[in-house]
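Structural description and commentary
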Amino acid sequence: MNIKPIRNDLIRYILANVISSIGVSIYILIDTFFISKGMGAEGLAALNLALPVFNFLNGFGLMLGMGGGSKFSMLYCRTERIETDRIFTNTFISMLAVSAVFEITGIFFSEQFTHLLGADTVIFRLSHDYLKTILLFSPAFLMNNIMACFMRNDCAPRLAMLGMLSGSLANIILDYVFIFKLGMGMRGAALATCISPFVSMSIMSIHIITGWNAFSLRMMRPSWSIIKEIASLGLHSFFTEISGGLVLMIFNFVIYRLMGNTGIAAYGVIANIGIVFTAIFVGLSSGIQPLLCRYHGRKDNTAIKYTLRLSIRTAIALAALSYVLIYTQTSNIVSLFNSGGDSKMQEIAENGLRIYFLFMPFMGINTIMSVFFMSDEMPHSAQFISLLRGTFLVIPAAFIAYFLQSIGLVWLAVPISELLTMVMAVGLFHLRKRKKRTEQLWLAYNKV
């Protein structure tokens, strides 16, 4: 078999999606940088307490986008156009329903939600201003994720990447204008972030305006069975993102009691930088997802094995390079977000970065294995991996660290959880191989 076309597709999709995913994560990192310059450690702490809302938005957006995009890719080129339109339309209807919940929360319950996230009286107003603005613009964030996922599965990864990068560039410019020129503070930082997905979608809409799209909205009744299938296929992405939000909340709770607001500000630096490097592996897994779904639809096992092997090697290589960068530039990286020169925050963040980022190679393999199981129509295995790494292991580890009063163990909670999850993921993969081999032998025996 000629693997050159497979390799070329893999490189094209991975490169476009990694850049696109990093572009999305820049939204939050740029906010972190400008807020640290404009509002110091209190602004950083306030932002970090509000960050879980992005996990909730991305969780639902990726669940619908990855689930709908995967189903679209499985049907692509082997069904009538109305069927792919049905998938997109039901995804859009689901987005509207989810958006309504976020909108109601933003309008009526934003103060209660801010208290729930752990804001004390010192930083409550800063957190609330940011949080409420983000919630009110929730439909834009959800739709941006859905558009990007469908376009990647519709052979337009470069345009999706361009849209995401354009949104990030707009965010950088608007952050500077709103925070420093107009003096809008946290509300300005949030507004800059909220405008960015509109810029992204305006670029991505070229795909639809020019008629290149193989999906569109149609007037049709929602189908509960289709919505359930979309949600099932994307549930692993939902669990990954929601778990990330829960981990942020738990870590904020633990670190506040160990180190106060200074500790939360330091964790804010670590968490935000973590989002960018995590985006590398999210982009890698998003890049191979359309290809694995396509090869699964064709029953091309050779292409699936090659894609899986090369993507895991790529993840390990990227993790190694990323950790070298983090380890050698720790002080400079933290200093970028420590405009007030807080020596205690600098020390906490530097120590945390070097330990926390040991998670990267294990996380890279786990995200790839989740997408592999989902593409192989084994959503329960994908969901189990996502829950294991994001909730079942890391949250108990954080509370153990709290009871032992050890900030070092708090930073180790994520690497240990990712490592144990990787062991389970590899075990599930080998069980799957053994099961398929047994089934093939049994079929061969029956033929004889």
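Notes on the structure follow. Bear in mind the structure is a predicted one, so any value in this text is a computation, not a measurement.

What follows is about the overall build of the protein chain. Along the protein chain, the regular secondary structure elements total 17 helices and zero strands. A compact globule built from 448 residues should have a C-alpha radius of gyration of about 22 Å, and the protein chain, at 22 Å, falls within 12% of that. Taken over the C-alpha atoms alone, the protein chain extends approximately 75 × 50 × 35 Å along its principal axes. By the burial criterion, 57% of the 448 residues in the protein chain qualify as buried. Of all intrachain contacts in the protein chain linking residues separated by at least 6 positions in sequence, the fraction that spans at least 24 positions is 83%. Charged side chains of the protein chain number 34 positive and 22 negative; the gap between the two group centres comes to 11 Å.

Despite not being glycine, Cys 155 shows a phi value in the positive range, around 65°. Note on placement: Cys 155 falls in the loop between helix H6 (138–153) and helix H7 (157–181). Residue Cys 155 is classed as partly exposed on the basis of its relative accessible area, which comes to 40%. Despite not being glycine, Gln 405 shows a phi value in the positive range, around 55°. Within the secondary structure layout, Gln 405 lies in the loop between helix H16 (394–403) and helix H17 (407–447).

Mapped onto the fold, Phe 392 is located in helix H15 (residues 379–392). Taking the C-alpha atoms as reference points, Phe 392 and Ile 227, 165 residues apart in sequence, are found 27 Å from one another.

Membership of the largest hydrophobic core comes to 133 residues, with the highest contact counts inside it found for Tyr 130, Phe 251, Tyr 267, Ile 273 and Phe 357. Tallying contributions element by element places helix H10 (residues 224–298) first for this core, with 31 residues. Apart from the residues lying within four places of it in its own chain, the contact partners of Ile 273 are Leu 29, Ile 326, Ile 333, Phe 337, Leu 353 and Phe 357.

A separate point is the packing of aromatic side chains. Applying the stated rule across the entire model yields 28 aromatic pairs. Between the aromatic rings of Phe 357 and Phe 359, the centroid separation amounts to 5.6 Å while the plane-to-plane angle is 40°, which identifies the pairing as tilted. One Lys or Arg, Arg 354, reaches over the ring of Tyr 327 and ends 5.5 Å from the middle of that ring.

Rules and cut-offs
Residues numbered from 1 in each chain as written. Predicted model: local features only at pLDDT ≥ 70, side-chain atom pairs only at ≥ 80, totals over all residues. Heavy atoms only, no water. Helix = DSSP H or I, 4+ residues; strand = E, 2+ residues; numbered from the N terminus. Rg over C-alpha atoms; globule rule 2.2 N^0.38 Å. Buried < 20%, exposed > 50% of the residue type's maximum accessible area, 1.4 Å probe, protein only. Contact = heavy atoms within 4.5 Å. Lys, Arg positive; Asp, Glu negative; His and termini not counted. Charge placed at Lys NZ, Arg CZ, Asp CG, Glu CD. Core = buried A, V, L, I, M, F, W, Y, C linked by side-chain atoms within 4.5 Å. Phe/Tyr/Trp six-rings, centres within 6.5 Å; stacked < 30°, edge-to-face > 60°. Lys NZ or Arg CZ within 6 Å of the ring centre and 35° of its normal.

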